[in-house]
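Secondary and tertiary structure notes
For reference, the chains in residue letters:
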Amino acid sequence: LVDSHAHLNFQAFSDDLSQVIDRCRQVPMKVINVGARYDSSKKAVEMADVNNFYASLALHPIHVYDEEFVVDKFQELIDKNKGKIVAIGETGLDYWHLREIIDKGVESIAAIKQKQEAVFRAHIKLARDNDLPLIIHCRFSEDEPQAYDDVYRILKQEGVDRGVIHCYVGDLAGAKKFVDLGFYLGFNGIITFDTP
């Protein structure tokens, strides 16, 4: 059993982390802890022990205005922790939280999309430079329904052909396009929501 997208490296597990880790080891199962900022990426690496726990590194698209994606810092984590890091992510595009980002003082939705795309492409380069697959976050909204089309366009332009589209909630035609490109699809709790 492999949990390919866990966040045991997040603050939410601070009270019962050791118990959760013990349960994971009793099964036994492997866990990929996925970073969303530099600090949570670093913690994922610190938790990685190669036998049961692995790490994925990234700056989540909703955080591109909270911190800069400093490639050299992430590359240093990769260089110093060979065998512990198995992917780059979660990265991608998030159009569901655009209004919240605007509330932080960003001038326009177009500016947010442009920055998310630039940071996504930087993650793609980091993955390519280190021969690692991508864990891609993509979420659309009713006002901005083209998120999956935009992710697909970028992946095609960049020639990326491996990874997982995490928390997929698109249609069947879109799913087939990503699978044909070489990606796996991940499903989580969002699939049960009435809205995207």
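Residues numbered from 1 in each chain as written. Predicted model: local features only at pLDDT ≥ 70, side-chain atom pairs only at ≥ 80, totals over all residues. Heavy atoms only, no water.

Let's talk about the overall build of the chain
Here is the rule: Strands here are runs of E lasting at least two residues and helices are runs of H or I lasting at least four, both read from the DSSP assignment and numbered beginning at the N terminus. As a reference, a globule follows 2.2 Å times the number of residues to the power 0.38, and the radius of gyration itself is taken over C-alpha atoms. Per-residue accessibility, obtained with a 1.4 Å probe over protein chains only, is compared with the maximum for each type, and a residue is labelled buried under 20%, exposed over 50%, and partly exposed between these values. It only takes one pair of heavy atoms within 4.5 Å for two residues to be counted as in contact. All accessibility values rest on the Shrake-Rupley procedure with a 1.4 Å probe; residue burial counts only the protein chains present in the view. For the purpose of charge, His is not counted, nor are the chain termini; Lys and Arg are scored as positive and Asp and Glu as negative. Throughout, a charge is located at the NZ atom of Lys, the CZ atom of Arg, the CG atom of Asp or the CD atom of Glu.
Helix and strand counts for the chain stand at seven helices and seven strands. In the chain, the order of α-helices and β-strands from amino to carboxyl end is β-α-β-α-β-α-β-α-α-β-α-β-α-β. Taking 196 residues into account, the globule formula puts the C-alpha radius of gyration at 16 Å, and the chain, at 16 Å, falls close to it. Oriented by its inertia axes, the alpha-carbon framework of the chain measures out at about 45 × 35 × 35 Å. Within the chain, the fraction of its 196 residues that count as buried is 51%. Within the chain, contacts between residues at least 6 apart in sequence are counted, and of these 66% link residues at least 24 apart. Per element, the accessible surface of the chain, about 10,000 Å² overall, is 51% carbon and sulfur. Of the side chains in the chain, 23 bear a positive and 31 a negative charge, and the two mean positions are spaced by 4 Å.

Some points on the sheet that holds strand S1 (residues 2-6)
What counts here: Pairing between strands is defined by DSSP: at least two bridges between them are needed. Whenever a helix is involved, its axis is fitted only over the stretch in contact; in every case the axis is a line through C-alpha atoms, and angles between N-to-C directions fall within 0 to 180 degrees.
Pairing is parallel across the open sheet formed by seven strands, whose spatial order is S1-S2-S3-S4-S5-S6-S7. This sheet does not close on itself; its edge strands, each paired only once, are S1 and strand S7 (183-185). Strand-to-strand twist of the sheet, defined as the mean angle between neighbouring strand axes without regard to direction, takes the value 25 degrees. Where strand S4 (residues 85-94) meets strand S5 (residues 134-139), five bridges bridge the pair, whose relative direction is parallel. In the sheet register, Leu93 faces S5, and the bridge partner there is Cys138.

Considering the environment of Val169
Inspection of the secondary structure puts Val169 in the loop between strand S6 (163-166) and helix H7 (172-181). Note: C-alpha distance between Val169 and Ser141 (28 residues apart in sequence) is 11 Å.

What to know about the pattern of salt bridges
Note the following rule: Every case where a carboxyl oxygen of Asp or Glu lies within 4 Å of a side-chain nitrogen of Lys or Arg is listed as a salt bridge.
Tallied over the full model, the rule gives 14 salt bridges. Here Asp131 and Arg162 are joined by a salt bridge, their closest N and O atoms 2.8 Å apart. Here the residue Asp131 occupies a position in the loop between helix H5 (109-129) and S5, and Arg162 occupies one in the loop between helix H6 (147-158) and S6, the gap between them amounting to 31 residues. Taken together, the shared-partner salt bridges in this structure form one network comprising Glu117, Arg121, Arg128, Asp150, Arg153 and Glu158.

Section: the packing of H5 against H6
The criterion, for reference: An angle below 35 degrees is treated as roughly parallel, one above 145 as roughly antiparallel, one from 65 to 115 as roughly perpendicular, and anything else as oblique. Handedness of a crossing follows from how the near helix is turned relative to the far one, being left-handed for an anticlockwise turn of less than a right angle and right-handed for a clockwise one.
Interaxial distance between H5 and H6 falls to 11 Å at its minimum, and their mutual angle equals 40 degrees. Taken together, H5 and H6 sit at an angle that is classed as oblique. For H5 against H6, the interelement crossing comes out right-handed. Along its contact with H5, which presents Glu117, Phe120, Arg121, Ile124 and Arg128, the element H6 presents Val151, Arg153, Ile154, Leu155, Gln157 and Glu158.

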